[in-house]
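Chain residues, written in single-letter form:
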Amino acid sequence: MPADLVGPADLVGTGLELSICADVATVTLARPERRNAMTPGMWRGLARIGNALAGAVRVVVVRGAGPSFCAGIDLRMFSAEGVPGEEANPDPADAAFDESVAGFQAGYTWLRDPSLVSIAAVQGHAIGAGFQLALACDLRVIADDAKFCMKEPALGLVPDLTGTKPLVEIVGLPRAIEMCLTARTVDAAEAAQLRLAELVVPRADLDAAVSDLVAALLSTDAGAARATKALLVQAQGNTLEQQAAAERAAQAVLLAARRGR
Ligand code: CAA
C-alpha cells in the first residue's frame, strides 16, 4: 500500500498532506498561512510521495490549502536567517549544487509519469515554483480567481523547477518569452485562452469540477489509459512512422493481455 510507504510521519515538517482513496491520491500543499510557500523540505517531500505512488494510483490531484494554490519559494530562503528547520539554499560553488537542484526537480517530474494522470487544482495565486508545479501536472483545472506568474526573472533567477519546457509546449515560445521576461500576471480568462487550463470554473465549484474529472478519468480501462498516455507523451518527439510503430506495439501488448484473460 503506498500509504504505508509515505505515512504522515514521513511528511512531518514538509508542509504537505497526502490522502489516498482507492486509485486516487490527493497531495495538499498545507501552509495556507504562508500561501503554501515552498521549501527544499517540501520539494523533497513531493519527490518521496512520487516514489511511493509510482504505479500505485491512477490519478494524482495536487491542490493548495487556503486562498492561494502556491506563492512560490519561501522568500525567507533568500534571507541570511533562512527558514527555521530547513536546509539552506544550495551554494552554486558547492560540488553538490547540481545534485541538490536535481533532487528538488524530482519533486515535480514524477507528476508526468505515464502510469498516472496528474491534475493541478488551482485557486488564487500560482507564482514561480507554484506556477511550475501546476505546469508539472498533466491537466489544470482552475478557479476563476486563478493568477499565474513566472516571477523568477524579476528576482534575478530562472525558473528551474522543470517549468520552462511545459510552458513553451503549451503557450508557444513567443508567449512564453513575453510572460516570463515581463514576470507579468496571467489571469484565469487569459490562462484559458492560452491553454494553460483545461477547465475554468467558479471558485466555489473547483473541488466538484476536479472530482468530476477524476471520475471521468477512472471510467476508462486502466491499462489502456496508461498505454495511451505513454503514446501521447512520446508523440511530439516521434516522426509519424515512429509513432505509428509505437501504436502498433502498444496495441499488441493490450490485445495479448486481453487474450490471456
Ligand atoms: N514566502 C514566504 N512567505 C510568504 C510568501 C512567500 N513566497 N508568500 C506569502 N507569504 C506570507 C506573507 O509574508 C504573509 O505572512 P504574514 O501573515 O506573516 O505577514 C502571508 O504569507 C500572507 O501573505 P499576504 O498577506 O501577502 O497574502 P495575499 O493573499 O494578500 O497575497 C501573494 C498573496 C500574492 C501570493 C503575496 O503573498 C505574494 O506576492 N507573495 C510573494 C510571491 C513571490 O514573490 N514568490 C516567489 C516566486 S519566485 C520562485 O518561486 C523562485 C523559485 O522557484 C526558485
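Every value quoted in this text rests on a predicted model; they were computed, and no experiment measured them.

So, how was this worked out
- Counting restarts for each chain: residues are numbered from 1 in the order of the written sequence.
- Two thresholds apply to this predicted model, a pLDDT of at least 70 for residue-level local features and 80 or more for giving and counting side-chain atom pairs, whereas whole-chain, interface and lining totals are computed over all residues.
- Each side-chain value is worked out from all heavy atoms of the structure, with water and hydrogens disregarded.
- The secondary structure listing takes helices from DSSP runs of H or I that are at least 4 residues long and strands from runs of E that are at least 2 residues long, numbered from the N terminus.
- All radius of gyration figures rest on C-alpha atoms, and the globule criterion is 2.2 Å times the number of residues raised to 0.38.
- Buried, partly exposed and exposed residues are distinguished by accessible area as a fraction of the type maximum, computed with a 1.4 Å probe on protein chains only: under 20%, between the cut-offs, and over 50%, respectively.
- Only the contacting stretch of a helix is used when fitting its axis, a line to C-alpha atoms as for every element, and angles between N-to-C directions run 0 to 180 degrees.
- Each angle gets one of four labels, with under 35 degrees taken as roughly parallel, over 145 as roughly antiparallel, 65 to 115 as roughly perpendicular, and the rest as oblique.
- Handedness of a crossing follows from how the near helix is turned relative to the far one, being left-handed for an anticlockwise turn of less than a right angle and right-handed for a clockwise one.
- By definition in these notes, contact holds between two residues if any of their heavy atoms fall within 4.5 Å.
- Gly is placed with the polar residues, together with every amino acid not listed as nonpolar (Ala, Val, Leu, Ile, Met, Phe, Trp, Tyr, Cys and Pro) or charged (Asp, Glu, Lys and Arg).
- Consider each residue's heavy atoms; a residue with any of them within 4 Å of a molecule or strand counts as near.
- Polar contact criterion, stated in full: a pair of N or O atoms within 3.5 Å, where within protein one must be able to donate a hydrogen and the other to accept it, and residues adjacent in sequence count only if both atoms are side-chain atoms.
- Note on areas: these come from Shrake-Rupley sampling with a 1.4 Å probe, and a residue is covered only by the protein chains present in the view.
- Domain extents, as shown, originate in an automatic or database domain assignment.
- Buried area counts how much accessible surface, traced with a 1.4 Å probe, disappears from two parts once they are put together, with both parts' losses summed.
- Just to be clear on terms, a salt bridge is a Lys or Arg side-chain nitrogen sitting within 4 Å of an Asp or Glu carboxyl oxygen.
- Any pair of cysteine sulfurs within 2.5 Å is marked as a disulfide.
- Here a Phe, Tyr or Trp ring, Trp counted by its six-membered ring, pairs with any other such ring whose centre lies within 6.5 Å, and the pair is stacked when the planes are under 30 degrees apart, edge-to-face when over 60, and tilted otherwise.

Topic: the overall build of the protein
So, point 1. Broken down by element type, the protein carries 10 helices and nine strands.
So, point 2. The C-alpha atoms of the protein give 19 Å as radius of gyration, which agrees with the globular expectation for 261 residues (18 Å, within 12%).
So, point 3. With respect to the principal axes defined by its C-alpha atoms, the protein has extents near 65 × 45 × 45 Å.
So, point 4. Within the span of the protein, comprising 261 residues, buried residues form 44% of the whole.

Digging into the packing of helix α5 (residues 164–171) against helix α6 (residues 173–182)
So, point 1. Where α5 meets α6, the closest approach of the two axes is 7 Å, and the angle between their N-to-C directions is 125 degrees. By the angle between their directions, the pair α5 and α6 is classed as oblique. As for the relative orientation of α5 and α6, their crossing is right-handed in sense. In contact with Leu167, Val168 and Val171 of α5, α6 contributes Leu173, Arg175, Ala176, Met179 and Cys180.
So, point 2. Residue composition of the contact of α5 with α6, by class: seven nonpolar, no polar and one charged.

Things to note about unusual backbone geometry
Apart from glycine, the bulk of residues carry a negative phi angle, and the bulk of peptide bonds sit in the trans form.
So, point 1. Even without being a glycine, Ala22 presents a positive backbone phi close to 55 degrees.
So, point 2. Phi angles above zero are rare outside glycine, and Arg35 is one such case at about 55 degrees.
So, point 3. We classify Arg35 as partly exposed; its relative accessible area is 38%.

Side note on the site of the ligand
So, point 1. Near the ligand you find 17 residues, and of these Arg35, Ala71, Ile73, Leu75 and Ala129 are the closest.
So, point 2. A distance of 2.9 Å separates an oxygen atom of the ligand from a polar side-chain atom of Lys151.
So, point 3. Against a free-state accessible area of 990 Å², the protein chains account for coverage of 65% of the ligand.
So, point 4. Broken down by class, the residue content of the shell around the ligand amounts to eight nonpolar, three polar and six charged.

Topic: the domain arrangement of the protein
So, point 1. Domain annotation for the protein reports domain 1 (2–218) and domain 2 (222–259).
So, point 2. Here the C-alpha centre of domain 2 lies 28 Å away from the C-alpha centre of domain 1.
So, point 3. Regarding the contact of domain 1 and domain 2, the summed buried area is about 620 Å², with carbon and sulfur atoms giving 46% of it.
So, point 4. At the surface where domain 1 touches domain 2, the tally comes to one salt bridge.
So, point 5. The salt bridge involving Lys229 is made with Asp138; its shortest N-O contact spans 2.6 Å.
So, point 6. Counting across the domain 1 and domain 2 interface gives six residue pairs in polar contact (both at pLDDT 80 or more).

Thoughts on the state of the cysteines
So, point 1. Summed over the entire model, instances satisfying the criterion amount to zero disulfides.
So, point 2. Cysteine Cys21 remains unbridged, with the sulfur of Cys137 as its closest cysteine sulfur at 19 Å.
So, point 3. Cysteine Cys149 shares no disulfide, and the gap to the nearest cysteine sulfur, in Cys180, comes to 9.1 Å.
So, point 4. The exposure class of Cys149 is buried, given its relative accessible area of 5%.

Thoughts on the packing of aromatic side chains
So, point 1. Here the structure, examined in full by the defined rule, presents two aromatic pairs.
So, point 2. Pairing Trp43 with Phe104 gives two aromatic rings, centres 5.1 Å apart and planes at 45 degrees, and the pair type is tilted. A residue pair is termed long-range when its members are at least 10 positions apart, and Trp43 in helix α2 (residues 40–53) and Phe104 in helix α3 (residues 97–109) qualify at 61 residues. For the pair shown, Trp43 and Phe104 are each scored as buried.
So, point 3. With a centroid separation of 5.1 Å and 45 degrees between ring planes, the pair formed by Phe131 and Phe148 is classed as tilted. Here the residue Phe131 occupies a position in helix α4 (residues 129–136), and Phe148 occupies one in strand β7 (residues 147–149), the gap between them amounting to 17 residues. Side by side, Phe131 and Phe148 carry an identical accessibility label, which is buried.

Overview of the pattern of salt bridges
So, point 1. If you walk through the whole model with that rule in mind, you get eight salt bridges.
So, point 2. Salt-bridge contacts for Glu190 lead to Arg184; the nearest nitrogen and oxygen are separated by 2.7 Å.
So, point 3. For Glu190, a relative accessible area of 18% corresponds to the buried category.
So, point 4. Where salt bridges share partners, they join Arg175, Glu178, Arg184 and Glu190 into one cluster.

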